[in-house]
Amino acid sequence: SFLKFNGEFIVLYILFALAGGALAGITMMLFSLLGLDISELYFENIVVMGIAGLAIVANHVVQRYGKLTQSIAPLLAKVFSPLVLLTLIIYLIAMLVLGKNPFTDRDFLISFNVILVLVLAITIYLITERSSRQEPQFMDALNFSLIVCALIINAVALVAMAFRLTSFGITPNRLTSLVINVLVMIHLSRIGYASLSFLRRKGSVISIQAAVTSWFPVYGIWALIVILVFPFIF
């Protein structure tokens with residue numbers, strides 16, 4: 001057999017399986033909010049093929065890198081970013097076709113925030129492990145596409161949050177979520193602009209990494225405001 005069932009292969013396969021299970025759970029949750037039960041279709045056509053496919057991918061990674069000196073998180077991001085992008089595109093199309101209204105559905109907004117966190121994490125892991133000497137690659141274009149999809153979802157979420165805020169009043173949770181989504185949109189926009197410049201060979205990997213890391217203190221400042229100031233306001 002061309003598969004090498006050593007320790008690295010087993011560890012990678014387990015990690016890939018856990019990540020795949022998490023993606024499957026998120027995907028079915030998202031489509032259930034649209035009123036679609038895709039569990040049977042997903043398991044028959046995606047999960048079954050994924051079980052075999054992940055074994056081949058894990059074996060390829062082990063044969064290419066040998067000992068796993070590379071961080072696991074960027075590997076997971078590389079493997080699952082195409083699947084996440086495909087899921088988001090299909091989800092956005094399904095939402096438009098079905099005409100689902102996210103403005104009054106709180107679960108919808110929660111699911112959008114889950115997507116944003118997932119895309120932001122994948123983007124960060126894909127970018128931070130890049131060498132500053134590397135030329136633009138397919139993964140860079142894919143990462144930029146992920147950011148564009150996330151920005152579309154973020155825009156819908158922001159409009160829905162603003163609607164809920166003006167219609168049902170200001171609460172700590174609504175205000176916190178609104179500001180966080182604004183911060184995430186600015187962050188993703190900065191990363192997306194730097195990524196587009198890099199793809200057009202007018203920027204560098206360093207500029208993308210700077211766009212990623214320079215915004216972290218802003219999240220920290222907002223967290224401190226929520227923890228220290230909000231209790232006195234609300």
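Residues numbered from 1 in each chain as written. Predicted model: local features only at pLDDT ≥ 70, side-chain atom pairs only at ≥ 80, totals over all residues. Heavy atoms only, no water.

### Notes on the side chain of Asp140
Put simply, the test is: A run of H or I in DSSP becomes a helix once it reaches four residues, and a run of E becomes a strand once it reaches two; helices and strands are each numbered from the N terminus. Only protein chains enter the accessibility calculation, which uses a 1.4 Å probe; a residue is then buried when its area is under 20% of its type maximum, exposed when over 50%, and partly exposed in between. Residue contacts follow a heavy-atom distance rule, with two residues in contact if any of their heavy atoms lie within 4.5 Å.
Looking at the secondary structure, you find Asp140 in helix α5 (residues 138-168). Asp140 gets classed as buried once you look at its relative accessible area, which sits at 12%. Residues contacting Asp140, with those up to four places away along its chain left out, are Arg130, Glu135, Phe198 and Leu199.

### Focus: the packing of helix α6 (residues 172-199) against helix α8 (residues 216-228)
Quick reminder of the rule: Every angle, taken between N-to-C directions, lies between 0 and 180 degrees, and every axis is a line fitted to C-alpha atoms, over only the stretch in contact when it is a helix. Here is the rule for angles: anything less than 35 degrees is roughly parallel, anything more than 145 is roughly antiparallel, 65 through 115 is roughly perpendicular, and the remaining ranges are oblique. Each residue receives one of three labels: charged for Asp, Glu, Lys and Arg, nonpolar for Ala, Val, Leu, Ile, Met, Phe, Trp, Tyr, Cys and Pro, and polar for the others, Gly being one of them.
Axis separation between α6 and α8 bottoms out at 11 Å; the angle between their running directions is 170°. In terms of axis orientation, α6 runs roughly antiparallel to α8. Contact with α6, carried on its side by Leu175, Thr176, Val179, Ile180, Leu183, Val184 and His187, involves Phe216, Val218, Tyr219, Trp222 and Val226 of α8 and no other residues of that element. Residue classes in the contact of α6 with α8 are distributed as 10 nonpolar, 2 polar and no charged.

### A word on the nonpolar core
Going by this rule: In this description, a nonpolar core means a group of buried Ala, Val, Leu, Ile, Met, Phe, Trp, Tyr and Cys residues linked to one another through side-chain atoms lying within 4.5 Å.
Among the nonpolar cores identified, the biggest contains 58 residues, and Leu88, Tyr91, Phe112, Ile115, Leu146 and Ile191 are the most heavily contacted of them. Elements represented by at least two residues in this core include exactly α1 (7-33), α2 (39-65), α3 (72-98), α4 (106-128), α5, α6 and α7 (205-213).

### Describing the packing of aromatic side chains
Put simply, the rule is: We call Phe, Tyr and Trp rings a pair once their centres come within 6.5 Å, taking the six-membered ring for Trp, and we label the pair stacked below 30 degrees between planes, edge-to-face above 60, and tilted otherwise.
The final tally for this structure, using the stated rule, is 2 aromatic pairs. Seen from their ring centres, Phe31 and Tyr91 are 5.5 Å apart, and the 80° between their planes marks the pair as edge-to-face. Of this pair, Phe31 sits in helix α1 while Tyr91 sits in helix α3, and the two are 60 residues apart along the sequence. For Phe31, a relative accessible area of 8% puts it in the buried group.

### So, the confidence of the model for the protein
Rules: Predictor confidence is given residue by residue as pLDDT, running from a minimum of 0 to a maximum of 100.
Per-residue pLDDT for the protein has a mean of 81; in total, 90% of the residues score no lower than 70. Per-element confidence in the protein ranges from a low mean pLDDT of 75 for α2 to a high of 91 for α8.

### Considering the environment of Ile56
By secondary structure assignment, the location of Ile56 is in helix α2. Taking C-alpha positions, Ile56 is 54 Å from Phe234, a pair spaced 178 residues apart along the chain.

### Notes on unusual backbone geometry
Positive phi outside glycine occurs at Arg201, with the angle close to 60°. With respect to the secondary-structure elements, Arg201 resides in the loop between α6 and α7. On the accessibility criterion, Arg201 (58% relative accessible area) is exposed.

### Some details on the pattern of salt bridges
Between side chains of opposite charge, a pair can form when the charged atoms approach closely. We apply this condition: By salt bridge we mean one thing: a side-chain nitrogen of Lys or Arg within 4 Å of a carboxyl oxygen of Asp or Glu.
Taken as a whole and assessed by the stated rule, the structure comprises 1 salt bridge. Here Glu135 makes a salt bridge to Arg201, at a shortest N to O gap of 2.4 Å. Placement of the pair is Glu135 in the loop between α4 and α5 and Arg201 in the loop between α6 and α7, with a sequence separation of 66 residues.

### Thoughts on the environment of Phe144
Within the secondary structure, Phe144 sits in helix α5. A relative accessible area of 21% means that Phe144 is categorised as partly exposed. Taking C-alpha positions, Phe144 is 6.1 Å from Gly192, a pair spaced 48 residues apart along the chain. In this structure Phe144 touches Gly192, Ser195, Leu196 and Leu199, once residues within four positions along its chain are discounted.

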